[in-house]
Amino acid sequence: MKSNLDNIIDYINGSDNFVVTSHISPDGDNIGSTLGMYYSLKKLGKNVYYVLDDNAPRNLEFLVEDIKILKSNEFNESNYSLIALDCGDKKRICLEEEIINNANKVICIDHHASNDNYGDFNYIDINASSTCELVYNLLVRYSETQNIDLIDEKIATALYTGLATDTGNFSYSNTHPSSFEMAKELLIKGAK
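Just so it is clear, the model here is predicted, and its values are computed rather than measured.

Engineer: Help me understand the layout of surface pockets in this model?
Structural biologist: Where empty space is left becomes clear once a probe the size of a water molecule has been rolled over the atoms. Quantified by volume, the largest pocket comes out at close to 190 Å³. Considering the residues around the largest pocket, the lining is formed by L35, Y39, F62, L63, E65, D66, E153, K154, T157, A158 and K192. Listing elements by their share of the lining of the largest pocket, those giving two or more residues are α2 (28–43), α3 (61–64) and α6 (153–166). By residue number, the principal contributor to the lining of the largest pocket is α6, which donates 4 residues. Looking at side-chain class alone, the lining of the largest pocket contains 5 nonpolar, 1 polar and 5 charged residues.

So, in structure tokens, the structure goes:
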């Protein structure tokens with residue numbers, strides 16, 4: 001897994017323009033993992049666009065109130081890489097196929113068993129509680145290898161949201177000791 005993370009980190013460091021997106025019918029893990037990645041890329045000085053042809057659920061609108069989420073028809077960049085989060089099937093990516101096909105590279109970060117490794121770079125762990133846990137692992141690895149701590153209050157809150165919703169507030173069978181450790185660390189970082 002570390003080599004997958006390190007390859008993604010190297011690619012992110014060497015690229016400037018990104019689109020982050022997820023699956024149709026957004027949920028907490030979808031929104032949380034996408035925002036966690038969005039804010040992290042922004043902190044690294046990258047040009048990043050959140051493109052999703054759907055709306056955040058009402059109970060999660062507070063997370064995206066200061067973010068401009070573009071629809072496919074509003075996105076007109078030509079040189080970018082796509083990061084698909086929490087999307088177990090390429091067909092469920094919630095944007096126009098042309099945007100997917102025109103990406104320089106596709107990075108897939110996901111925890112669904114159905115995922116067939118459709119990305120050019122894949123970080124898939126079907127034992128993870130959520131995609132937010134995988135984004136958290138990526139950011140921890142980033143801190144270890146690049147000596148840059150990216151997790152702030154906004155990122156912590158986004159990732160905590162996905163962790164809590166995908167584990168049913170820590171009651172589902174996908175809840176592991178690592179889930180509680182992650183929750184603890186995110187609370188220390190200021191998660192609301």
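Having seen the structure, we can now continue with the description.
Engineer: What is the right way to look at the sheet that holds strand β2 (residues 47–51) in this model?
Structural biologist: Picture the strands of a sheet paired through backbone hydrogen bonds; they go either parallel or antiparallel. The sheet built from 6 strands is open, its strands ordered β3-β2-β1-β4-β5-β6 with parallel pairing. Looking at which strands have only one partner, the edges of the open sheet turn out to be β3 (69–70) and β6 (121–124). Of the pairings in the sheet, the one linking strand β4 (residues 81–85) to strand β5 (residues 106–110) comprises 4 bridges and is parallel in character. For A84, the partnering residue across the bridge sits in β5 and is C108. In the packing of α2 onto the sheet, contacts are made with β1 (17–21), β2, β4 and β5, and the angle to β2 comes to roughly 165°. Together, β4, β5 and β6 form the strand contacts of helix α5 (residues 131–146), whose direction differs from that of β5 by roughly 120°.

Engineer: Help me out: how do you make sense of α6 in this one?
Structural biologist: Because an α-helix completes one turn every 3.6 residues, residues spaced three or four positions apart along the sequence face the same direction. For α6, built from 14 residues, the straight-helix expectation of 20 Å at 1.5 Å per residue is met to within 8% by its first-to-last C-alpha distance of 20 Å. Burial runs high along α6: 10 of the 14 residues are buried. Inspection of α6 places I155, A156, T157, A158, L159, T161, G162, L163, A164 and D166 among the buried residues, and these make up the whole buried set. Against the buried residues of α6 lie α2, α3, α5 and α7 (177–188). Where α6 begins, one side-chain oxygen reaches toward the backbone nitrogen of K154, 3.2 Å away; that side chain belongs to D152. Downstream of α6 by a residue or two, G168 has a phi angle that is positive, lying close to 60°.

Engineer: Just to check I follow, could you spell out empty space enclosed by the protein for this structure?
Structural biologist: What the rule picks out here adds up to 1 cavity of 30 Å³ or more. By volume, the largest cavity is sized at about 50 Å³. For the largest cavity, the full set of lining residues is I9, I12, M37, S40, L41, L44, L138, L139, Y142 and L150. Of all the elements in the fold, those that place two or more residues in the lining of the largest cavity are α1 (2–13), α2 and α5. Among the residues forming the lining of the largest cavity, the class breakdown is 9 nonpolar, 1 polar and no charged.

Engineer: Mind showing me how you'd approach the environment of I31 here?
Structural biologist: Note that I31 resides in helix α2. Overall, I31 belongs to the buried group, its relative accessible area being 0%. Sequence separation between I31 and E61 is 30 residues; the distance between their C-alpha atoms is 9.5 Å. Sequence-distant contacts of I31, defined by excluding residues within four places in its chain, comprise P26, Y50, A56, P57, L60, L63 and V64.

Engineer: Explain the packing of α5 against α7 to me, please; I cannot follow it from the model alone.
Structural biologist: Their axes nearest at 11 Å, the elements α5 and α7 cross at an angle of 60°. You can see that α5 and α7 cross each other, and the crossing is left-handed. Along its contact with α5, which presents C132, E133 and Y136, the element α7 presents S178, S179, M182, E185 and L186.

Engineer: When you look at the pairing of β5 in this model, what are you seeing that I'm missing?
Structural biologist: Regular strands show a simple pattern: their side chains alternate between the two faces of the sheet. The element β5 is extensively covered by neighbouring structure, given that 5 of its 5 residues are classed as buried. Going residue by residue along β5, you find V106, C108 and D110 tucked away on one face and I107 and I109 tucked away on the opposite face as well. Of the pairings in the sheet, the one linking β5 to β6 comprises 4 bridges and is parallel in character. Its bridge partner lying in β6, I107 is registered against F121.

What counts and how
- Residues numbered from 1 in each chain as written.
- Predicted model: local features only at pLDDT ≥ 70, side-chain atom pairs only at ≥ 80, totals over all residues.
- Heavy atoms only, no water.
- 1 Å grid on protein atoms, 1.4 Å probe; cavity = no way out; pocket = protein on both sides within 12 Å on 5 of 7 lines; lining within 4 Å.
- Points joined across faces, edges and corners; volume = space filled by probe spheres on them.
- Helix = DSSP H or I, 4+ residues; strand = E, 2+ residues; numbered from the N terminus.
- Nonpolar A, V, L, I, M, F, W, Y, C, P; charged D, E, K, R; others polar.
- Pairing = 2+ DSSP bridges.
- Contact = heavy atoms within 4.5 Å.
- Axes fitted to C-alpha atoms, helices over the stretch in contact; angles between N-to-C directions.
- Expected span 1.5 Å × (residues − 1).
- Buried < 20%, exposed > 50% of the residue type's maximum accessible area, 1.4 Å probe, protein only.
- Polar contact = N/O pair within 3.5 Å; in protein donor to acceptor, adjacent residues only side chain to side chain.
- Left-handed = near helix turned anticlockwise from the far one by under 90°.

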